[in-house]
Amino acid sequence: TLGLLLAVLVTAASVQDSAAGTHLVDQVAAAHPAIRKVWVDGGYRQHLVEHAAALGIDMEIVQRTPG
């Protein structure tokens, strides 16, 4: 929970977060096999959470608090 940057993926604005997220999760899992928990913003979708779970990563979508 140090909040350190572990991987970066730059895409065109037209690429959905969920589409690029699969590649990013694969990259993080390969480079940092000890990662077990990640928090992501609301741009990610359930299929990415399921993909992360298949890699042994608990992905939690954090919703912005109103206001």
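Quantities reported herein were computed from a predicted structural model and do not represent experimental measurements.

### Quick word on helix α2 (residues 46-54)
Okay, so step 1: Turning to α2, its buried residues number three or more, namely L48, V49 and A52. For α2, the arc enclosing every buried residue in end-on projection is 105 degrees, short of the 170-degree limit, so these residues lie on one face. Every exposed residue of α2 that faces more than 90 degrees away from the buried side is listed here: E50 and A54.
Okay, so step 2: Structurally, α2 contributes buried residues whose contacts are with α1 (17-31) and β2 (58-61).
Okay, so step 3: Where α2 ends, the next residue or the one after it, G56, has phi of about 85 degrees, a positive value.

### Remarks on the nonpolar core
Okay, so step 1: One finds A7, V25, V28, A29, I35, V40, Y44, L48, V49, A52, I57 and M59 forming the largest nonpolar core, which totals 12 residues.
Okay, so step 2: Leaving out residues up to four positions away in the same chain, A7 has contacts with L24, Q27 and V28.

Scoring rules and cut-offs
- Residues numbered from 1 in each chain as written.
- Predicted model: local features only at pLDDT ≥ 70, side-chain atom pairs only at ≥ 80, totals over all residues.
- Heavy atoms only, no water.
- Buried < 20%, exposed > 50% of the residue type's maximum accessible area, 1.4 Å probe, protein only.
- Helix = DSSP H or I, 4+ residues; strand = E, 2+ residues; numbered from the N terminus.
- Arc of directions from axis to C-beta.
- Contact = heavy atoms within 4.5 Å.
- Core = buried A, V, L, I, M, F, W, Y, C linked by side-chain atoms within 4.5 Å.

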